[in-house]
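# Structural overview for review
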Amino acid sequence: MSRYVYDFQDGGRELAGLLGGKGANLAEMTRLGLPVPPGFIVTTEACRAFLATGEEPEGMSAEVSRHLSALERTAGRRLGQADDPLLVSVRSGARFSMPGMMETVLDIGLNDASVLGLAKASGSERFAWDSYRRLVQMYGSTVMGVDPALFDEAMTLFKEAREAPDDLRLDASDLAWLVETYKRLIRDETGDDFPQSPAQQLQQAVLAVFRSWNAERARLYRRREHIPDDLGTAVTVQRMVFGNLGADSGSGVAFTRDPATGRPGLYGDYLPNAQGEDVVSGVRDAVPLAELARLDSHSYQRLRDHAQTLERHYRDLCDIEFTIERGTLWMLQTRVGKRTAQAAFAIAAELAEEGLITADEALARVSGDGLARLMFPRFDAGATGEPLAHGVPASPGAAVGAAVFDSAEAVRRAADGERVVLVREETTPDDLPGMVAAQAVLTGRGGKTSHAAVVARGMGKVCVCGAQDITVSTQARRFTTRDGTVVDEGTVISVDGSSGDVYAGAVPLVPSAAVRYLETGEQADSAVAAIARALEHADHVRRLEVRANADTPEDAARARRFGAQGIGLCRTEHMFLGERRRLVEEMILARTDAGRDRALAALLPLQRRDFAGILQAMDGLPVTIRLLDPPLHEFLPDRTGLAVRIAAAEAAGGTPDGHDVEVLDAVNRMHEENPMLGLRGVRLGLVVPGLVAMQVRAIAEAVVERTRAGGTPRAEIMVPLVGAVEELRLAREEVARVLAEVGEETGVAVGCPVGTMIELPRAALTAGRIAEQAEFFSFGTNDLTQTTWGFSRDDVEAAFFSAYLDKGVFAASPFETLDREGVGRLVRVAVEEGRAARPDLETGVCGEHGGDPESIHFFHDVGLDYVSCSPFRVPVARLEAGRATLVGVEGGDSR
């Protein structure tokens, strides 16, 4: 038969999965000899059994009774006896901290008789009736389901009638009256009386805590924190100690270091003559913990000593709850404390310097998510008001600027020195100049992998997408919020890409010292020095290389400063925008081979110059250049706009512009119902003569130029959207022919490895065949996720992802964190079969997942050689690639 109950002295923190975090840590403090009120723990196994059947598991009740009897013998009192009764608390305690998400009931054992015995034994009628009042209120709401607001309302009305500013001004008779009021409330709301049996109180309180595991707020918290739903909670039953016995009593919360900054020292709050829930709930204003040194120096010194013991034992920041009962200090809880990202880095570095933890453990206690938060400017939290709107936080950071509604206006105003925010219903490649000019991008549609999001992250721009609270009118040059607020062009707004909030006016910004360090090497303070040490150690231990997705020499240079070891994805389509669009248009509209060749010849030197600049910025490091990927019609004007212009000219009795007619004819000819699965990628190169040859020649001539200049260019050519080995074979023949031609013409041998993106399920499943023609694989996990799930990534996030997340269909968007079971399995199959066919096959990832911390750990485990991400995510990827190697290293809770 299973064992469902453990005394504190029988456990320890190694049993956190069984005893819950709270119970395991109480057992650990007991083992350390700290002053912990005795008690016992009902296990998570008992909780899981109860939740599965709706009934107590067999034997649990008898075990609770035996352990309660032992507790009564230790205390020399019985639970709820009429004279000097033993009282206990019943608290939740899951393996992972879920503060405030589940239930607690204090003062179990009080009833109409024992309250009188407690008053006599304590010498304080007020204390006894206050404790009874707390029990009836907590039990009524937690166990019997009465709306807590009804108790609060009754308390408020009574204090107003007594003209009492707080509950301390209520005397014993007042509190006795409130007890009767609360009991009547329970009877009126439930039809049942508050139970007078202490045993019934205890049994029902334990089961209520079990049930609270599935409360909506607990489920929501677990989804947000990625805590599994099947763990269950333990329940701690502990002898009560009282902080509300008078001026020599009180309760508080302490941290062994500042959880905001990481600075050493005892930090926290203390509330005299109060129980612990009063400190947390804020019913009265607490005083700084330092004030306890004046009020009770002996207890304060003991608390300092115990805090030092705990920090050295846990080797981490500890969060402590304590109560002082008539001058005697009791330790009620400890856990590894939550902290800000800044504090996480600082504490890890300091503990490593002190020799309490190793460099590996210090690295395990920080996170890429935390580093990302520290890299971006942020708003002053004390200066924000209510947001105008909320959307998907697509690219973190904070930015302020005047709202503008098209790319040209953004460029014009930025050229005049004005900071702007580009606001669009959704962005297209045409908006790139405006995105470059803007401080932030705000869209009414789209998600974290929309065009706006992907490009903004690549540039380190703040971006909020899919703000459904706003209606964008480009024509009227304004957006309107759901409550009717109108924001006209030129109005200053503030965009928080970390939270998704948009504010009216200019919210003050706090700059990032971390980015300044990455750009210049300047270590402005100890927090930045801690980041530097973490990155240095991560670089030392990681196996994965970290490359960058970069399309310009400027982005490449920035990526290299941030520690990138090459470029894993250079997208050539971004080089065809702006003024070059005209040449692409000429190529598409050409009626003859000669006309198409003229347009391609005009593009050749422009592409060569682009590639030469990127190869120079990344000299000596690999640069993987993807051949043209998107459908050609994306480079033509909008179909609807053309049709409207032509119709307007005809309606006015005039003749439509001949060029517009020609272009519309081409757009209609090339129109596809689902262009992302149409004529693009390798298919485009095989169908449009001369396109691949022009791009490969530009790459080869750039390699020659850099070689002659004394450089060491390492260009790699990547063929996109391959689904069959024959496609890659044909493309590779064309690449080889052009490379050989340039070599013969220049006398410089040009050797560029040729590989492919694996972004279709068929490519992954036939990777062994494809590897016969590919020297490297780069997983395009954006499209691989899209084609595996059957999702249109620009539509689904706003359409139903929030519902899927709420219903637990997936714990995180598969476009943010790799779906290991589906997409991840395809990656694993492709790596294994590809390397079986070609043992020296290089493998990497260049999708958005290459910068996602959790996904990076998967890519390490599956054996990829590198990850590639936007330049601003490179430090995050470096850190997580290091952390991925730390199998079995104990980390802290840095969230």
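Residues numbered from 1 in each chain as written. Predicted model: local features only at pLDDT ≥ 70, side-chain atom pairs only at ≥ 80, totals over all residues. Heavy atoms only, no water.

## A word on helix α33 (residues 823–837)
Owing to its 3.6 residues per turn, the α-helix aligns residues three or four sequence positions apart on the same side. Over its 15 residues, α33 runs 21 Å from end to end, which matches the ideal 21 Å to within 8%, given 1.5 Å per residue. Of the residues making up α33, those classed as buried are Val823, Gly824, Leu826, Val827, Ala830, Val831 and Gly834. The arc enclosing the buried residues of α33, seen along the axis, measures out at 155 degrees, which places them on a common side. Summarising the geometry of α33, the exposed residues directed more than 90 degrees from the buried face are Arg825, Glu832 and Ala836. Packed against the buried residues of α33 are α29 (761–765), α30 (767–770), β29 (776–779), α31 (781–789), β30 (842–845) and α34 (853–862). (Helix = DSSP H or I, 4+ residues; strand = E, 2+ residues; numbered from the N terminus. Expected span 1.5 Å × (residues − 1). Buried < 20%, exposed > 50% of the residue type's maximum accessible area, 1.4 Å probe, protein only. Arc of directions from axis to C-beta. Contact = heavy atoms within 4.5 Å.)

## Considerations on the pattern of salt bridges
Counted by the stated rule, this structure contains 57 salt bridges. The partner of Arg77 in a salt bridge is Asp84, with the nearest N and O atoms 3.4 Å apart. Across the pair Asp469 and Arg482 runs a salt bridge whose closest N-O atoms are separated by 3.7 Å. Within this pair, whereas Asp469 is found in the loop between β17 (462–465) and β18 (470–473), its partner Arg482 is found in the loop between β19 (478–481) and β20 (486–488), the two being separated by 13 residues in sequence. (Salt bridge = Lys/Arg side-chain N within 4 Å of Asp/Glu carboxyl O.)

## Re helix α22 (residues 581–589)
Among the nine residues that make up α22, seven are buried, leaving the element largely enclosed by the rest of the structure. All of the buried residues in α22 are Arg581, Leu583, Val584, Glu585, Met587, Ile588 and Leu589. Of the surrounding elements, those touching the buried residues of α22 are α23 (593–617), α25 (658–670) and α27 (691–708).

## A look at unusual backbone geometry
For Asp107, which is not a glycine, the phi torsion comes out positive at approximately 65 degrees. Structurally, the position occupied by Asp107 is in strand β4 (residues 104–108). The exposure class assigned to Asp107 is buried, which follows from its relative accessible area of 0%. One non-glycine residue, Asn273, lies in the positive phi region at around 50 degrees. Relative to the helices and strands, Asn273 is located in the loop between β7 (264–272) and α10 (276–281).

## Quick look at the sheet that holds strand β10 (residues 328–336)
Pairing in this open sheet of five strands is antiparallel, and the strands run β8-β7-β6-β9-β10 from one edge to the other. Each edge of the open sheet carries a strand with a single partner, namely β8 (287–288) and β10. Where β7 lies against β8, two bridges are found, and the strand directions are antiparallel. Residue Tyr270 lies in a different strand from β8, and its bridge partner there is Val287. Helix-sheet contacts for helix α12 (residues 297–314) involve β6 (250–257), β7, β9 (318–325) and β10, and the interaxial angle to β10 is about 25 degrees. (Pairing = 2+ DSSP bridges. Axes fitted to C-alpha atoms, helices over the stretch in contact; angles between N-to-C directions.)

## So, the packing of aromatic side chains
The tally for this structure, following the rule as stated, stands at 23 aromatic pairs. Between Trp789 and Phe810, the ring centres sit 5.7 Å apart and the planes meet at 85 degrees, which makes this aromatic pair edge-to-face. Here Phe810 lies in the loop between α32 (793–806) and α33 and Trp789 lies in helix α31, a separation of 21 residues in the sequence. You can call Trp789 partly exposed: its relative accessible area is 31%. Judged by centre distance (5.7 Å) and plane angle (65 degrees), the rings of Phe791 and Phe800 are edge-to-face. By relative accessible area, Phe791 is classed as buried at 9%. Classification of Phe800 as partly exposed rests on a relative accessible area of 25%. A network of ring pairs unites the aromatic residues Trp789, Phe791, Phe800, Phe801, Tyr804, Phe810 and Phe815 as a single cluster. Here the guanidinium or amino end of Arg547 rests over the ring plane of Tyr866, the centre of that ring lying 3.9 Å away. (Phe/Tyr/Trp six-rings, centres within 6.5 Å; stacked < 30°, edge-to-face > 60°. Lys NZ or Arg CZ within 6 Å of the ring centre and 35° of its normal.)

## Concerning the sheet that holds β17
If you walk across this open sheet you meet the eight strands as β12-β22-β21-β14-β15-β16-β17-β13, and the pairing is mixed. Both outer strands of the open sheet, β12 (389–390) and β13 (392–395), are each paired with one neighbouring strand and no more. Two strands pair when backbone bridges link them, and β12 and strand β22 (residues 501–504) are joined in this way by two bridges, in the antiparallel orientation. Residue pairing across strands places Ala389 opposite Val502, the latter belonging to β22.

## Quick word on the nonpolar core
Phe345, Met375, Phe777, Phe779 and Leu879 are the most contacted members of the largest nonpolar core, which totals 156 residues. Sorting elements by how many residues they give to this core places α27 first, with eleven residues. Contact partners of Met375, with chain neighbours within four places excluded, come to Ser512, Ala514, Val515, Leu518, Phe562, Phe872, Pro875 and Val876. Ranked by size, the runner-up nonpolar core spans 61 residues in total, among them Phe40, Val64, Leu86 and Ile108. (Core = buried A, V, L, I, M, F, W, Y, C linked by side-chain atoms within 4.5 Å.)

## Re a negative patch on the surface
On the surface, Asp147, Asp152, Asp188 and Glu189 cluster together to form a negatively charged patch. By the secondary structure assignment, Asp147 is in the loop between α5 (125–142) and α6 (148–162). Taking the relative accessible area as the measure of exposure, Asp147 reaches 42% and is therefore partly exposed. (Patch = residues over 30% accessible without salt bridge, like charges linked within 9 Å, V, L, I, M, F, W, Y side chains within 5 Å. Areas by Shrake-Rupley, 256 points an atom, 1.4 Å probe, with all protein chains shown as cover. Lys, Arg positive; Asp, Glu negative; His and termini not counted. Charge placed at Lys NZ, Arg CZ, Asp CG, Glu CD.)

## Some thoughts on the environment of Arg873
Checked against the element boundaries, Arg873 lands in the loop between β31 (866–869) and α35 (874–883). For Arg873, the contacting residues outside a window of four places in its chain are Ala372, Gly851, Asp852 and Pro853.

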